[in-house]
Amino acid sequence: MVVKDGGAFAEVEGEGTGKYAPVSELLEGAKGEVLSMDMADNKTLLLRWRLRAGSAAGEIDADVLWKVEFNLISGRAIKLEVEYDTARTSPPAAAVFALRRALVALSLRGKGEAGKAGDSSDVDISQVGSDPGRFFQQQSQEDQFQKEAVDFALALAVLYALVTGLKAVL
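Structure report, in brief.

Rules of the game
- Residues numbered from 1 in each chain as written.
- Predicted model: local features only at pLDDT ≥ 70, side-chain atom pairs only at ≥ 80, totals over all residues.
- Heavy atoms only, no water.
- Salt bridge = Lys/Arg side-chain N within 4 Å of Asp/Glu carboxyl O.
- Helix = DSSP H or I, 4+ residues; strand = E, 2+ residues; numbered from the N terminus.
- Buried < 20%, exposed > 50% of the residue type's maximum accessible area, 1.4 Å probe, protein only.
- Contact = heavy atoms within 4.5 Å.
- Pairing = 2+ DSSP bridges.
- Core = buried A, V, L, I, M, F, W, Y, C linked by side-chain atoms within 4.5 Å.

Tallied over the full model, the rule gives eight salt bridges. Close ionic contact of glutamate 69 with lysine 43 constitutes a salt bridge, the shortest N to O distance being 3.7 Å. Taken together, the residues span a long stretch of sequence, with glutamate 69 in strand β5 (residues 58-70) and lysine 43 in the loop between β3 (28-39) and β4 (44-55) at a distance of 26 residues. When its relative accessible area of 32% is taken as the criterion, lysine 43 is described as partly exposed.

With that settled, consider the environment of methionine 37. With respect to the secondary-structure elements, methionine 37 resides in strand β3. Spatially, the C-alpha atom of methionine 37 lies 4.6 Å from that of leucine 47, the residues being ten residues apart in sequence. Look past the residues within four positions of methionine 37 in its chain and what remains in contact with it is Leu45, Leu46 and Leu47.

This part covers the side chain of serine 55. Mapped onto the secondary structure, serine 55 falls in strand β4. Residue serine 55 is classed as buried on the basis of its relative accessible area, which comes to 9%.

What follows concerns the pairing of strand β6 (residues 77-85). Of the pairings in the sheet, the one linking β5 to β6 comprises eight bridges and is antiparallel in character. Across the sheet, the residue bridging to leucine 65 is glutamate 83, located in β6. Turn length for the β5-β6 hairpin, with the two strands adjacent in sequence and antiparallel, is six residues, and the turn residue glycine 75 shows positive phi of about 80 degrees.

In this section: the nonpolar core. In terms of nonpolar packing, the biggest core is built from 18 residues, with Leu51, Ile60, Val64, Trp66 and Val68 touching the most fellow members. Elements supplying a minimum of two residues to this core: β4, β5, β6 and α2 (91-114). The biggest single contributor to this core is β5, with six residues.

Moving on: the pairing of β4. Of all twelve residues in β4, nine are buried; the element is thus mostly enclosed. Pairing of β3 with β4, which is carried by nine bridges, proceeds in the antiparallel orientation. Residue methionine 37 lies in a different strand from β4, and its bridge partner there is leucine 47. Between β3 and β4, which pair antiparallel and follow one another directly, the connecting turn spans four residues. Sheet topology note: the β4/β5 ladder contains twelve bridges and is antiparallel.

Worth remembering: the numbers are spatial, not functional.
Here is the structure:
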């Protein structure tokens with residue numbers, strides 16, 4: 001997935017971007033409020049939300065726009081563009097927030113260029129309840145295989161019960 005974060009300083013590509021969460025990791029008491037969710041076209045979702053959080057330099061109050069582009073066949077998110085409007089935030093707090101986002105992007109860029117695979121902890125689904133992005137994070141291959149195996153076993157159990165029930169009736 002390609003992640004572009006609010007400007008020219010942060011563009012990251014690779015599997016390590018599955019858990020791109022500078023807001024929840026770097027801010028104190030971050031809370032998100034979804035303002036709107038619209039489809040720009042048949043493959044692009046526009047998610048507008050408001051971020052309120054604390055930082056060492058002051059309170060952060062920003063409007064955030066996520067442009068999420070999906071693969072129409074698989075339904076997976078393939079591109080995320082993030083834009084921040086920090087007009088209601090004091091200049092020192094906005095500068096600290098931009099610097100923190102840049103540092104997160106640089107660390108992810110280093111991971112992406114070093115191996116392009118990321119470690120398994122980078123692709124876990126977010127467990128933060130207030131993170132609006134948790135709906136767009138993808139499952140790892142191991143989780144998907146386990147889910148498919150359980151679904152297959154349940155289908156076999158239902159088929160077996162149906163056959164044994166029909167044998168008893170007939």
